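A structural walkthrough
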Amino acid sequence: MPAARPANGTVAVEVEGLSKAFGDKVVVHNLSMRVLRGQIYGFLGPNGSGKTTTLRMVCGLLTPDGGRGTALGYDILTERDKIKRHVGYMTQRFSLYQDLTIQENLEFVARVYCLPEPERQAAAAIERLGLAGREKQLAGTLSGGWKQRLALGACILPKPELLLLDEPTAGVDPKARREFWNEIHKLAAEGMTVLVSTHYMDEAERCHEIAYIAYGELLAQGTIPEVIAQSNLKTYTVSGPDLQSLADKLTGIPGVDMVAPFGTSLHVAGRDAGKLDAALADFRKRPELSFSDSAPTLEDVFIDLMSRSRDNFQ
Amino acid sequence: MTATTAARRPQSGALTRTVAMFIKEFVQLRRDRLTFATMIFIPVVQLLLFGYAINTNPRHLPTAVLMHEENDVTRSILTAVDNTGYFRLTKVARSEAEMDHWLRSGTVLFGIEVPVGFERSLRRGDKPALLIVADATDPMAAGSALGALDGILQTALAGNRGLPELAAQPAAFEIRQHRRYNPAGVTSLNIVPGLLGTILTMTMLIFTALSVTREVERGTMESLLAMPIEPLEIMIGKIAPYIVIGFIQATLIIGLGVAMFGVPVLGSITLLAALSTLFIAANLSIGYTFSTIAQNQLQAIQMSFMFFLPNILLSGFMFPFAGMPQWAQWLGEALPLTHYIRIVRGIMLKGATLADLQGEALALLGLMLLAMTLAVRRFRRTLD
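Residues numbered from 1 in each chain as written. Chains lettered and ligands numbered in written order. Predicted model: local features only at pLDDT ≥ 70, side-chain atom pairs only at ≥ 80, totals over all residues.

Quick notes on the overall build of chain B
Under the convention used in this document: By definition, any uninterrupted DSSP run of H or I lasting at least four residues is a helix, any uninterrupted run of E lasting at least two residues is a strand, and each is numbered from the N terminus. For this measure, only C-alpha atoms enter the radius of gyration; the expected value for a globule follows 2.2 Å times N^0.38, where N is the number of residues. Residues with at least 20 other C-beta atoms within 10 Å of their own are called buried, those with 12 or fewer are called exposed, and the rest are partly exposed. The C-beta atoms themselves are positioned from the backbone.
From N to C terminus, chain B includes 17 helices and 5 strands. Its C-alpha radius of gyration of 28 Å places chain B more than 25% over the 21 Å reference for a compact globule of 384 residues. A principal-axis box enclosing the C-alpha atoms of chain B has dimensions of 105 × 55 × 40 Å. Across the 384 residues that make up chain B, the buried fraction comes to 39%.

Overview of the pairing of strand 2 (residues 25-36) of chain A
Consecutive side chains along a regular strand alternate between the two faces of the sheet. Residue and element names in this part refer to chain A. The test is simple: Should DSSP find at least two bridges between two strands, the strands are taken to pair.
Inspection of the sheet shows strand 1 (residues 11-22) paired to strand 2 by 8 bridges, in the antiparallel sense. Looking at the pairing, Val13 lines up with Val35 of strand 2. In textbook terms, the turn of a hairpin is the stretch between consecutive antiparallel strands, and for strand 1 and strand 2 this stretch comprises 2 residues, one of which, Gly23, has a positive phi near 65 degrees.

With respect to the confidence of the model for chain B
Parts of the prediction with low pLDDT should not have their coordinates interpreted in detail. Residues and elements named next belong to chain B. Test applied: The pLDDT score gives, residue by residue, the confidence of the prediction method on a 0 to 100 scale.
For chain B, per-residue confidence averages 87 on the pLDDT scale, and residues scoring 70 or more make up 92% of the total. Within chain B, helix 13 (residues 269-293) carries the highest mean pLDDT (95), whereas helix 1 (residues 2-8) carries the lowest (51). Scored as a whole, the predicted complex attains pTM 0.84, and scored at its interfaces, ipTM 0.84.

What to know about the interface of chain B and chain A
Note the threshold: Once C-beta atoms have been placed from the backbone, residue pairs whose C-beta atoms lie within 7 Å are recorded as contacts. Gly counts as polar in this scheme, as do all residues outside two lists: the nonpolar Ala, Val, Leu, Ile, Met, Phe, Trp, Tyr, Cys and Pro, and the charged Asp, Glu, Lys and Arg.
With 13 residues of chain B in contact, the opposing surface of chain A contributes 17 residues. With 5 residues, helix 11 (residues 220-226) of chain B is the single largest residue contributor to the side of chain B that touches chain A. By residue class, the composition of the side of chain B that touches chain A is 6 nonpolar, 4 polar and 3 charged.

Observations concerning the sheet that holds strand 5 (residues 74-75) of chain A
Residues and elements named next belong to chain A. Just so we agree on the cut-off: With axes taken as lines fitted to C-alpha atoms, and helix axes fitted only over the stretch in contact, angles between N-to-C directions fall between 0 and 180 degrees.
Within the open sheet, the 4 strands sit side by side as 2-1-4-5. Their pairing is antiparallel. Among the strands making up the open sheet, the edge pair consists of strand 2 and strand 5. Relative to the sheet, helix 1 (residues 51-58) contacts strand 1, strand 2 and strand 4 (66-71), its axis offset from that of strand 1 by approximately 120 degrees.

A word on the nonpolar core
Note the cut-off: Definition of nonpolar core: a set of buried Ala, Val, Leu, Ile, Met, Phe, Trp, Tyr and Cys residues joined via C-beta atoms within 7 Å. All domain edges in this entry derive from an automatic or database-based domain assignment.
In terms of nonpolar packing, the biggest core is built from 90 residues, with Phe110(B) and Ala282(B) touching the most fellow members. Counting contributing residues, this core receives three or more from each of domain 1 (61-180) and domain 2 (187-378) of chain B. Apart from the residues within four sequence positions on either side, Phe110(B) is in contact with Leu61(B), Thr63(B), Phe87(B), Ile132(B), Val133(B), Ala134(B) and Ala145(B). Counting residues in hydrophobic clusters, the runner-up holds 81 residues, among them Val109(A), Ala139(A), Tyr212(A) and Ala214(A).

Some remarks on the domain arrangement of chain A
Domains assigned within chain A are domain 1 (11-99 + 138-226) and domain 2 (234-295). Spacing between the C-alpha centres of domain 1 of chain A and domain 2 of chain A amounts to 36 Å.

A short note on unusual backbone geometry
Glycine aside, residues mostly have negative phi angles, and peptide bonds mostly take the trans form. All names here are of chain A. For Leu72, which is not glycine, the phi torsion reads 55 degrees and is therefore positive. A positive phi angle, near 55 degrees, is found at Lys159, a position not held by glycine. Along the chain, Lys159 turns up in the loop between helix 5 (144-156) and strand 7 (162-166).

Description of the sheet that holds strand 11 (residues 234-239) of chain A
All names here are of chain A. Here 4 strands make up an open sheet; going across it, the order is 12-13-11-14 and the pairing antiparallel. Lying at the two open borders of the sheet, with one neighbouring strand each, are strand 12 (258-262) and strand 14 (290-294). Going across the sheet, the axis of each strand differs from the next one's by a mean of 25 degrees, ignoring polarity. Where strand 11 lies against strand 13 (residues 265-270), 6 bridges are found, and the strand directions are antiparallel. Residue Ser239 lies in a different strand from strand 13, and its bridge partner there is Ser265. Sitting on the sheet, helix 10 (residues 273-284) is in contact with strand 11, strand 13 and strand 14, with an inclination near 140 degrees to strand 13.

Have a look at this one:
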């Protein structure tokens, strides 16, 4: 690790009013965010919400139509060459050379970044990844989980200060996901800043801070308790028989903003506690249903945010 | 139940599935604009282009004259030569060396030399000889023109009132033809050097034409663009290995040409190697440029093919270059193969030196730099 790395707590990524459209489809709209050094910053949102586009703008792969920003202090519009030297970007689709071996892929990366002794660096990375003995295996023949680990290994080989991971664990089994996240935490502890996009809720909870983005707009950001608090959701957990028909009845009643089944219970939430209670008053009289006060989960918040933003979007 | 239905009517299922495939292919084809364009472009443009450009009985071939004496008689003869329609007097040489240089460099296809004392010998009835040197590297180009020369023996002096006594007399002089470089008119001496260029063009174009589109299609381009590597570095790194491969190919073809077809290498082999390398690099650069323009590998191959066809037909490989109309010759000049064929024929068959071929070498260099500049500028540094 370079000794001159700026202290944790200073800004690693800062963007303001970032916008991007492809044709007449606005993919990212007026997005502002701030990521501190050494943080794991989770980027959540449904498919097509603009997560990938935002990551690509941060690392200089896409030119924003509007707005400004810096990554590691370099301007994302004018200093892309410098950004590329210090940022590792792991694409959503496996983008190492399938027809090169593990060793050859890593050597290629090492050479492009002008690392000294590329063969030794690649060998050391293989050792770290736990791929020793498989150096000569073609990258294309690895399983999904190993491909992700190799891609991460290639990304961190040049020791970037900022790591951008685009849905790194999509399609990876739970054990491999857990190992992957342990690795991310280790890197962050060493001072690397990590910006990671995902749509797994459990992964959101592994991040220091999260941002929720839907339809190109950033709807909430902060630590998980902050995001939950910001939502001002009043939530009840309802249990009882035939919850599906109850859910159908509740949906659309003024004051009920979200109805979502959770296993054998139903989460019912509203942004205005008074209106929600009024709406539920009749239902609470039913003896077969039991209502209990509950704190909203992150998922409740996201589903609510999504339904709100969809109204704006359409 | 479905299984029994299918078993009863196996053909209808096959038809439905075939139609499903047919529709899918057609929709995909329609979506690829360039493929659609090539379907129209290849037949129409190429047919018109080559239909008008190719001429197997070339006329107005560039000819140099070396006049050791100039008078009424020699002027009449030159006019007669011009009137055959096969020769176009483009250069007047001051010495034999100058004429040889033009022949070696391919500037002219014929040299006419009027010897000293031609008129005097003519008047004395000594039947003087007019020397015609033909560049016979391409037997097809020189053949009909030389055949037409016999006719002027009868007519050259017929209209000349200053020489009434000679006008009546047939064949007062003779024409000595000298088919230089390929006196026996062996086709392989012409074809083998041409094939060297053609084979190199085809293989080199395809090698690099696929190189960028392959990265895009396999998704590796996204990673590559996020790395600190410049378009120029990517291009040179991608072209260089194929220069070595092209060089091996060239060595193989020349070796076989010499060993099996008896094609000579009269000029410097070092010069041939150097200019072949330049030609290989030029074609690789053009292929690479296609690669930066095409959106997928199929398009890149189509572009290479569209470029390859004029290379074969308009470069002077298959049909005489000088026989094409002027516009087609200009098009031909823009193709690297045109220049390379002149270089290879020049060095192998004519013993040409760099001084004879510097124009062609500069043209190759220019085309290569043009393609490289275009490629680097076209290279998309972002995913926008």
